[in-house]
Amino acid sequence: MKSAQNSKKGNIMGNLLRNCFTWIAENHRLKRFSDEDFQFSSAFPKKLGYKCDPVGWCTIHDVTDAQLERIFREAHDAGASVRAYYDCFLDKHMSAEWYVMEGKYLDDPASESILCDGKEWNLDVISAYRISPVTRVLISDLFIMVQQPVMEVFSEEGFTGADFMWVRDRGKYEGKQYFQLLPQKMIPWYYTADGHFNVYSDTGSKRKAAFRKKIGQIDSTAELIWKNTSEVMGSFPMAVSRKVLPDTDTAAVCVQDRMGDVISAGVLVRKKVRDCLVDRKLLSPGDFSPVVVVNDNEQIDECMGALKEEWNNTFIKGYFREECTQWEIPEELIQHYRSLYESHRKKQRPRYEITEKKAVALMKQCKKEEPKAWRKPLPAKQAEQLPDLRLLPYYRVSNGGYPGSEYHYYSTDELRKETEEFRQRQAEENFSIQDAVLFGDTADGEYILLSQDGHVIRYAMGDPDPVQEWENLQTFFYEALAEG
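Residues numbered from 1 in each chain as written. Predicted model: local features only at pLDDT ≥ 70, side-chain atom pairs only at ≥ 80, totals over all residues. Heavy atoms only, no water.

Engineer: Help me get a handle on helix H3 (residues 148-157), residues and values and all.
Structural biologist: Turning to H3, its buried residues number three or more, namely Val-150, Met-151, Val-153 and Phe-154. One face of H3 carries all of its buried residues, which in axial projection span an arc of 150 degrees. Exposed and oriented more than 90 degrees from the buried face of H3 are Ser-155 and Glu-156. Positive phi shows up at Gly-158, right after H3, with a value of about 70 degrees. (Buried < 20%, exposed > 50% of the residue type's maximum accessible area, 1.4 Å probe, protein only. Helix = DSSP H or I, 4+ residues; strand = E, 2+ residues; numbered from the N terminus. Arc of directions from axis to C-beta.)

Engineer: So what's going on with the sheet that holds strand E9 (residues 144-147)? Residues and values would help.
Structural biologist: Hydrogen bonding along the main chain pairs the strands of a sheet, whether they run parallel or antiparallel. If you walk across this open sheet you meet the 5 strands as E5-E8-E9-E12-E10, and the pairing is mixed. Of all the strands in the sheet, the pair left with one neighbour each is strand E5 (104-105) and strand E10 (162-166). The pairing of E9 with strand E12 (residues 178-183) spans 4 bridges and is antiparallel. Bridge pairing links Val-146 to Phe-179 in E12. Sheet strands touched by H3: E9, E10 and E12. Its angle to E9, the strand with the most contacts, is close to 90 degrees. (Pairing = 2+ DSSP bridges. Contact = heavy atoms within 4.5 Å. Axes fitted to C-alpha atoms, helices over the stretch in contact; angles between N-to-C directions.)

Engineer: Describe the packing of helix H2 (residues 65-77) against helix H6 (residues 220-228), listing the residues and the values that go with them.
Structural biologist: Where H2 contacts H6, the two axes come as close as 10 Å, and the packing angle between them is 5 degrees. It follows from the interaxial angle that H2 and H6 lie roughly parallel. Here H2 contributes Asp-65, Leu-68, Glu-69 and Phe-72 to the contact with H6, which in turn contributes Thr-221, Leu-224, Ile-225 and Asn-228. Classifying every residue of the contact of H2 with H6 gives 4 nonpolar, 2 polar and 2 charged. (Parallel < 35°, antiparallel > 145°, perpendicular 65-115°, else oblique. Nonpolar A, V, L, I, M, F, W, Y, C, P; charged D, E, K, R; others polar.)

Engineer: I'd love a proper account of the side chain of Ser-81, names of residues and values included.
Structural biologist: Along the chain, the position of Ser-81 falls in strand E3 (residues 81-90). Among the polar contacts listed, one links the side chain of Ser-81 to the side chain of His-28, at a separation of 2.8 Å. (Polar contact = N/O pair within 3.5 Å; in protein donor to acceptor, adjacent residues only side chain to side chain.)

Engineer: Now, about helix H9 (residues 356-369): what can you tell me, with residues and values included?
Structural biologist: In this model H9 runs 20 Å from its N-terminal to its C-terminal C-alpha over 14 residues, within 8% of the 20 Å that 1.5 Å per residue would give. All of the buried residues in H9 are Ala-359, Val-360, Leu-362, Met-363 and Cys-366. Looking straight down H9, one finds its buried side chains confined to an arc of 160 degrees; they lie on one side. Seen from the open side of H9, the exposed residues pointing more than 90 degrees away from its buried face are Lys-357, Lys-364, Lys-368 and Glu-369. Tucked into the core, H9 has its buried residues touching helix H10 (392-395), strand E22 (407-409) and helix H12 (473-483). (Expected span 1.5 Å × (residues − 1).)

Engineer: Got a sec to walk through the packing of H3 against helix H7 (residues 271-279)? Specific residues and values, please.
Structural biologist: Helix-helix packing: each pair is described by the crossing angle between the helix axes and the interaxial distance. Here H3 crosses H7 at 120 degrees, and the two axes come no closer than 11 Å. Put simply, H3 runs oblique to H7. With respect to the hand of their crossing, H3 and H7 are arranged in right-handed fashion. Between H3 and H7, the residues in contact are Val-150, Val-153, Phe-154 and Glu-157 and Val-273, Cys-276 and Leu-277, respectively. In terms of residue class, the contact of H3 with H7 is made up of 6 nonpolar, no polar and 1 charged. (Left-handed = near helix turned anticlockwise from the far one by under 90°.)

Engineer: Describe the pairing of strand E6 (residues 110-116), and please don't skip the residues or the numbers.
Structural biologist: Burial along E6 is one-sided: Ala-110, Glu-112, Ile-114 and Cys-116 are buried, and none of Ser-111, Ser-113 and Leu-115, which face the opposite way, are. Hairpin remark: E6 followed by strand E7 (residues 119-126), antiparallel, with 2 residues in the connecting loop; positive phi at Asp-117, about 55 degrees.

Engineer: Would you mind going over the sheet that holds E6 in detail, with residue names and values included?
Structural biologist: One open sheet holds the 3 strands; their spatial order is E6-E7-E11, and the pairing between them is mixed. In the strand order of this sheet, the two ends are held by E6 and strand E11 (168-169), each with one partner. Here E7 pairs with E11 via 2 bridges, running parallel. In the sheet register, Ile-126 faces E11, and the bridge partner there is Asp-169. Contacting E6, E7 and E11, helix H8 (residues 331-345) crosses the sheet at an angle of about 125 degrees to E6.

Engineer: Account for the confidence of the model for the protein, with residues named and values stated.
Structural biologist: In this model, the protein carries an average pLDDT of 81, and 80% of its residues clear a pLDDT of 70 or more. Across the protein, the secondary-structure element scoring lowest on mean pLDDT is helix H4 (residues 199-202), at 53, and the one scoring highest is H10, at 96. Counted against residues more than four places away or in other chains, residues 1-14, with its pLDDT under 50, gives 54 contacts. Below a pLDDT of 50 lies the segment residues 297-315, which in the model reaches 51 contacts outside its immediate sequence neighbourhood of four places, other chains included. (pLDDT = per-residue confidence, 0-100.)

Engineer: Residues and numbers for the pattern of salt bridges, please.
Structural biologist: Enumeration according to the criterion identifies 22 salt bridges in this entry. Among the salt bridges present, the one from Asp-275 reaches Lys-271, with a minimum N-O distance of 2.6 Å. Of this pair, Asp-275 and Lys-271 both sit in helix H7, 4 residues apart, which is roughly one turn of that helix. Overlapping salt bridges bring together Arg-18, Asp-62 and Asp-91 as one network. (Salt bridge = Lys/Arg side-chain N within 4 Å of Asp/Glu carboxyl O.)

Engineer: Quick rundown of the pairing of strand E1 (residues 17-26)? Include the residues and the values.
Structural biologist: For E1, the tally of buried residues reaches 9 of 10 residues, placing the bulk of the element in the interior. Here E1 pairs with strand E2 (residues 58-61) via 4 bridges, running antiparallel. Among the inter-strand pairings, Thr-22 is bridged to a residue of E2, identified as Thr-59.

Engineer: Give me the nonpolar core: which residues, what numbers.
Structural biologist: Membership of the largest hydrophobic core comes to 51 residues, with the highest contact counts inside it found for Phe-21, Trp-23, Ile-71, Tyr-86, Val-240 and Leu-268. Here this core gets 5 residues from one element, more than from any other, and that element is E3. Excluding its chain neighbours within four sequence positions, the residues that come into contact with Leu-268 are Trp-98, Tyr-99, Val-100, Ile-187, Met-238, Val-240, Leu-245, Asp-249, Thr-250, Ala-251 and Val-291. Counting 42 residues, the second largest nonpolar core, distinct from the first, contains Val-137, Val-153, Met-165 and Tyr-341. (Core = buried A, V, L, I, M, F, W, Y, C linked by side-chain atoms within 4.5 Å.)

Engineer: Now, about the environment of Asp-441: what can you tell me, with residues and values included?
Structural biologist: One can find Asp-441 in strand E23 (residues 437-442). Separated by 33 residues in the primary sequence, Asp-441 and His-408 have C-alpha atoms spaced 5.5 Å apart. In this structure Asp-441 touches Glu-406, Tyr-407, His-408, Tyr-410, Glu-446, Tyr-447 and Ile-448, once residues within four positions along its chain are discounted. Side-chain polar atoms of Asp-441 contact the side chain of Tyr-410, separated by 3.0 Å.

Listed below in structure tokens is the structure:
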């Protein structure tokens, strides 16, 4: 059986399409959120040989049809249904003309209303000290926020098509400052195949049947998933027409949500912008996703290495055309925040220190609120089982656990097995970080390492640079726990 990343008939991305399948099996004969419900969902993937979080969510990268068919068959036999997220994406290291900038979503976003040109603007407000200093790009409803060094590169290199507006920092402590990246050019429309369906409300509907047919033209594995899940959300690479792309280095696509508010669907940059930011080590290849560019001669752009497919006036094969909302931020508003920024720079703020005591106290609080995500404390006499005693204060609270939905740190039993597998992969692949101790991983399968200098590193095999970095263990645990 071929993997979803392999070329298939009808797959417009050829062998460039990767996927991530995140799923949970639920037995609806059991009372929802009962102990029996949690036990079934967490035990089901383990019987099939997959790891999962305490609730039962499991992630498989580059899932194959054979794996899916087994999961669906076993779930059916157990009287359960499968709920899932299915994300298809192009390899982030591939060469493309345009990329969508990505980043970390802004937690608990706040805003302030400003009246300008007779219109009320709701603009983001942050407490910068609460944001990890290694987070160079933040995603909010209004485009993206970047740190000052990223903004300065646009000016130094003469990249065109973008304005920058300071994001007001209301925090009482010192923090890295962020600026809203505001593309001057809006693409009038783009192509999307994202969708969300619930079998209970959409079964038999013409809308779901039509969507499934179109999705199957992009990726046959997606069609298999849509047929066999009770509820599924999916995303696919963005596609744009060459004839609507501007001659600037930056562009954007915007849509209106159900409430009529304008939100950004993506900020696009040319390859030279992406390469410059990566070469300067301000961002990594993982901060960008390749965009499929459609030629005026009605073919998928050959430079993407994709198969040529027919399209018509409304969609590329398998894709829907999404109309965009045109708008711009008034220059008066940009100047207003520039003035606020100059005032902010003159104020001295104390540095915010996260101590080990704060991190341990927060971990104890989270363990009390959600005990299923944690284990018993590591006995003092077993401390020698840890690869580094700097980890001991956290293992005294819980011998492994889930500090937030994204991170998992291993129990001492898991450490032995995971470290052995990690060392094997380290020998096989080009690993740029030496003498680091493995102690956890992420929902995306990336490693969490403790370096000799005390930094905590989030690392993906194959990437030359860390995906993310924290100053020390207490900062890592505190931020992971605070983000939930």
